[in-house]
Number of protein chains: 2
Amino acid sequence: MNVEFVNPFLEAVINVLGTMASTEASPKPPFVKSDDRAMGDVTGVCGMVGEKAKGSLAISFTEEAILSIASRMLGEEISSMDETIADVVGEITNIVVGGTKRALVEQGYTFDMAIPSTVIGKDHSIFHRTDGPIMIVPFETDAGKFFVEVCFEK
Amino acid sequence: MNVEFVNPFLEAVINVLGTMASTEASPKPPFVKSDDRAMGDVTGVCGMVGEKAKGSLAISFTEEAILSIASRMLGEEISSMDETIADVVGEITNIVVGGTKRALVEQGYTFDMAIPSTVIGKDHSIFHRTDGPIMIVPFETDAGKFFVEVCFEK
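Residues numbered from 1 in each chain as written. Chains lettered and ligands numbered in written order. Predicted model: local features only at pLDDT ≥ 70, side-chain atom pairs only at ≥ 80, totals over all residues. Heavy atoms only, no water.

Counting its secondary structure elements, chain A contains three helices and eight strands. Listed N to C, the secondary structure of chain A is α-β-β-β-β-α-α-β-β-β-β in terms of helices and strands. Here chain A has a C-alpha radius of gyration of 14 Å; the compact-globule value for 154 residues is 15 Å, and the two agree. Each principal axis of the C-alpha distribution contributes one length, and for chain A these read about 45 × 30 × 30 Å. In chain A, which comprises 154 residues, the proportion classed as buried is 57%. When contacts within chain A are restricted to residue pairs at least 6 apart in sequence, those whose partners lie at least 24 apart make up 70%. Counting every atom, chain A has about 6,500 Å² of accessible surface; 46% of that belongs to carbon and sulfur. (Helix = DSSP H or I, 4+ residues; strand = E, 2+ residues; numbered from the N terminus. Rg over C-alpha atoms; globule rule 2.2 N^0.38 Å. Buried < 20%, exposed > 50% of the residue type's maximum accessible area, 1.4 Å probe, protein only. Contact = heavy atoms within 4.5 Å. Areas by Shrake-Rupley, 256 points an atom, 1.4 Å probe, with all protein chains shown as cover.)

Structure (structure tokens):
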């Protein structure tokens, strides 16, 4: 997997959380995923398919982190992991995928449109339908942790 | 949601299970989904985006059903909900989406390529990022139950 696919994604994540939730997110050293357990309690996932490359992206938030982030985004206290949280995570994922695509177009990669899905559940596992290794980038914020998964193959 | 989107999907599901797993699947009366709890223990989900319509499809299998179906497809006993099951569900979802697209092209609808994701977990909830109602079609087989979710908007 080429790092050129990872950086636009991380920048989009940092951007969205900064502008929409006033939350500063700091990326920590990445590692290669060794099992399929989602790292968080709610995960937004979206496939990206283009002529030259295809991949799958996921953003997995701990309950603690997403409840704070959603409360900041919506300007009201959100305290349960329900449809509102699914909407927020879907929206974050959608904007991140959009930002990533725009950055990759400048590098000569175009991707089809796609719709993210959101999964809520303790101990859920997400399987990306791509052949490449999956890179995990942990993020820390003052609201708690979340994890970005990127998997691309050319 | 127009029923023209539902029938090709159901036919593709019946077709795939019949040809790949020698499993006869009988659709039962559909109902509109009232909460977001996945009906099964493993779910394949895939967005479909086109110029004239967009939607999201999911196939959610009970553990009992998918272990039998996977064992039949692979010709060996599969007894745990691991990556092999994720592969099988991803493959079934992929083929079903492909078959549905081909049928819908004949009706004048084209869709971009997409990659399905698979989720394993007891009590997981899947949220489709579309505005329309979600129709559930329960299926019965001699292997157990599974559920098809279709959500489309024009």
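Size of an interface: often given as the accessible area lost when the parts come together. Residue-level contacts link 30 residues of chain A with 31 residues of chain B. Carbon and sulfur atoms supply 58% of the area buried between chain A and chain B, which totals about 2,400 Å² over both sides. For the pair chain A and chain B, the interface holds four residue pairs in polar contact (both at pLDDT 80 or more). Going through the elements one at a time, strand 3 (42–49), strand 4 (54–61), helix 3 (83–105), strand 5 (117–120) and strand 6 (125–128) of chain A are the ones with two or more residues in the side of chain A that touches chain B. No other element matches the six residues that helix 3 of chain A contributes to the side of chain A that touches chain B. Residues that form the side of chain A that touches chain B fall into these classes: 12 nonpolar, 10 polar and eight charged. (Buried area = accessible area lost by both parts, 1.4 Å probe. Polar contact = N/O pair within 3.5 Å; in protein donor to acceptor, adjacent residues only side chain to side chain. Nonpolar A, V, L, I, M, F, W, Y, C, P; charged D, E, K, R; others polar.)

Attention now moves to the packing of helix 2 (residues 63–74) of chain A against helix 3 of chain A. All names here are of chain A. Viewed as axis vectors pointing N to C, helix 2 and helix 3 meet at an angle of 80°, and their least axial separation amounts to 10 Å. The pairing of helix 2 with helix 3 is recorded here as roughly perpendicular in orientation. Contacts from I66, L67, I69, A70, M73 and L74 in helix 2 reach T84, I85, V88, V89 and I92 in helix 3. For the contact of helix 2 with helix 3, the class distribution of residues is 10 nonpolar, one polar and no charged. (Axes fitted to C-alpha atoms, helices over the stretch in contact; angles between N-to-C directions. Parallel < 35°, antiparallel > 145°, perpendicular 65-115°, else oblique.)

Glancing now at the environment of F139 of chain A. As for its position among the elements, F139 of chain A is in strand 7 (residues 135–141). In this structure F139 of chain A touches L10, V13, I14, A25, S26, P27, G144, K145, F146 and V148 of chain A, once residues within four positions along its chain are discounted.

Residue and element names in this part refer to chain A. Within the structure shown, the criterion is met by six aromatic pairs over all chains. Centroid distance F139 to F146: 4.8 Å. Interplanar angle 5°. Geometry classified as stacked. F146 matches F139 in its accessibility class, with the two residues each being buried. Over the face of the ring belonging to Y109 we find K52, whose NZ or CZ atom lies 5.3 Å from the ring centre. (Phe/Tyr/Trp six-rings, centres within 6.5 Å; stacked < 30°, edge-to-face > 60°. Lys NZ or Arg CZ within 6 Å of the ring centre and 35° of its normal.)

Moving on, we get to the relation of the copies chain A and chain B. Laying chain A over chain B is done by rotating through 180° and shifting 0.0 Å along the axis; what remains is an RMSD of 0.0 Å. Classification of the inter-copy transformation places it as that of a two-fold axis. When the interface residues of chain A are mapped onto chain B, 100% of them are again interface residues, pointing to one common binding face. (Least-squares fit on C-alpha atoms with pLDDT ≥ 70 in both.)

Next up on the list: the confidence of the model for chain A. All names here are of chain A. Across chain A, the average pLDDT comes to 88, with 95% of residues at or above 70. For chain A, strand 6 is the element with the lowest average pLDDT, namely 83, and helix 2 is the one with the highest, namely 96. Our summary of model confidence lists the complex with pTM equal to 0.84 and ipTM equal to 0.74. (pLDDT = per-residue confidence, 0-100.)

Turning our attention to unusual backbone geometry. With glycine set apart, most residues show a phi of negative sign, and most peptide bonds adopt trans. Residues and elements named next belong to chain A. Of note in the backbone geometry, S22 takes a positive phi value of approximately 45° without being a glycine. In this fold, S22 is placed in the loop between helix 1 (3–21) and strand 1 (26–27). Classification of S22 by relative accessible area gives exposed; the value is 65%.

This part covers the pattern of salt bridges. All names here are of chain A. Counting across every chain of the model gives six salt bridges over all chains. Between K122 and D41 there is a salt bridge; the shortest N-O distance is 3.5 Å. Of this pair, K122 sits in the loop between strand 5 and strand 6 while D41 is found in the loop between strand 2 (31–32) and strand 3, placing the two residues 81 residues apart along the sequence. Taking relative accessible area as the criterion, K122 reaches 53% and is therefore assigned exposed. Between R72 and D142 there is a salt bridge whose closest N-O contact spans 3.0 Å. (Salt bridge = Lys/Arg side-chain N within 4 Å of Asp/Glu carboxyl O.)

Another point: the pairing of strand 5 (residues 117–120) of chain B. Going residue by residue along strand 5 of chain B, you find S117 and V119 of chain B tucked away on one face and T118 and I120 of chain B tucked away on the opposite face as well. Bridge count for strand 6 of chain A against strand 5 of chain B is four bridges, and the pairing is antiparallel. Its bridge partner being in strand 5 of chain B, F127 of chain A is matched across the sheet by T118 of chain B. (Pairing = 2+ DSSP bridges.)

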